[in-house]
Amino acid sequence: MPRVSEEHLERRRLQILDAAQMCFARKGIHTTTMQDVFAESGLSAGAVYRYFKSKDDLIAALTSEATVDLRAALSEAVYSDPLPTPAELVRSITETIVRLSGASGPVRVIPQAWALALTDANIGDYVRTGISGIRRLWIDYAIRMRDIGWLPIDADTEAVGKAFLGLLPGFILQHLILGDTDPESFSRGVAQLLPAYGPITTVPEISPN
């Protein structure tokens with residue numbers, strides 16, 4: 001009997017994950033059942049359970065993969081030359097979020113995973129790993145801002161990175177739930193909130209008369 005190739009196994013695994021993502025985005029994680037995943041994938045229960053032992057395993061896998069494209073887009077921007085301004089970087093990453101937030105897009109799973117992370121330790125581990133990775137990129141961006149003179153030399157780059165991280169969940173929730181927030185308006189707000197960036201100069205002290 002011929003041995004099943006690794007390529008075939010990976011295609012089947014992705015087929016199951018795509019089906020689960022479709023169900024989670026359409027029905028929500030809480031109401032989706034394994035039977036829904038079987039039907040959406042067109043596979044038998046035995047075929048699905050060969051790769052994922054439970055719904056929690058599917059959630060964990062999708063939670064890990066949901067941020068892959070976001071991290072890749074952010075990483076490319078953070079380490080690019082010349083360094084994009086905060087507004088330019090926010091515009092770039094929010095455009096990626098929009099692209100990945102269609103009817104069955106992975107971004108639609110992310111807020112659901114955040115909610116689960118509050119009560120499910122296993123899912124919480126995957127969510128924390130994803131968020132920590134994205135926050136590390138924002139901190140690296142703050143370090144680069146400092147190094148080229150956009151921030152003071154003694155700037156708390158970790159605090160700046162944490163503050164920048166808070167922009168993404170805000171955009172995701174407004175875009176998905178309110179439906180009236182887009183990359184252009186969001187980045188315009190960032191540009192108006194933050195000063196124009198350029199080398200920081202020291203303001204000379206004025207001697208009293």
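Per-chain numbering applies: the sequence of each chain, read as written, is numbered from 1 onward. In view of the model being predicted, local features appear only for residues whose pLDDT reaches at least 70, and side-chain atom pairs are presented and counted only at 80 or more, with totals across whole chains, interfaces and linings using the full set of residues. Note: side-chain values were computed over all heavy atoms of the structure, leaving out hydrogens and water.

### As for the packing of aromatic side chains
Test applied: Each aromatic pair joins two rings of Phe, Tyr and Trp (for Trp, the six-membered one) with centres within 6.5 Å, and gets the label stacked for planes under 30 degrees apart, edge-to-face for over 60, and tilted for any other angle. The numbering of helices and of strands both runs from the N terminus, where a helix is a DSSP run of H or I of at least 4 residues and a strand a run of E of at least 2. The buried label applies to any residue whose accessible area, calculated with a 1.4 Å probe on protein chains only, is under 20% of its type's maximum; exposed applies above 50%, and partly exposed to all values in between.
Per the counting criterion, the structure on display carries five aromatic pairs. On the numbers, 5.1 Å between centres and 20° between planes, the contact of Trp138 with Phe164 is stacked. One end of the pair, Trp138, is in helix 8 (residues 121–147); the other, Phe164, is in helix 9 (residues 157–165), and 26 residues separate them in sequence. Accessibility classification places Trp138 together with Phe164 in one group, the buried group. Feature note: the residues Trp138, Tyr141 and Phe164 constitute an aromatic cluster, connected by ring pairs.

### Comments concerning the pattern of salt bridges
Counted only if it meets this: Within this document, salt bridges are pairs made up of a side-chain nitrogen of Lys or Arg and a carboxyl oxygen of Asp or Glu, the two lying within 4 Å of each other.
Taken as a whole and judged by the stated rule, the model has 12 salt bridges. The partner of Arg13 in a salt bridge is Glu65, and the shortest N-O contact between them spans 2.9 Å. One end of the pair, Arg13, is in helix 1 (residues 6–27); the other, Glu65, is in helix 4 (residues 55–66), with 52 residues separating them in the sequence. The exposure class of Arg13 is partly exposed, given its relative accessible area of 24%. Glu158 is the partner of Lys162 in a salt bridge, and the nearest nitrogen-oxygen pair spans 3.5 Å. Remark: Glu158 and Lys162 occur in helix 9; sequence separation between them is four residues, near one turn of the helix. With a relative accessible area of 40%, Lys162 lands in the partly exposed category. Several salt bridges share partner residues, and in doing so they unite Glu10, Arg13 and Glu65 into one network.

### Notes on the confidence of the model for the chain
Selection rule: pLDDT gives the predictor's per-residue confidence on a scale running from 0 to 100. Two residues qualify as a contact provided that any one of their heavy atoms is within 4.5 Å of a heavy atom in the partner residue.
Looking at the chain as a whole, its pLDDT mean stands at 89, while 92% of the residues score no less than 70. Long-range and interchain partners of residues 199–204, a stretch whose pLDDT sits below 50, account for six contacts in this model, where long-range means more than four residues apart.

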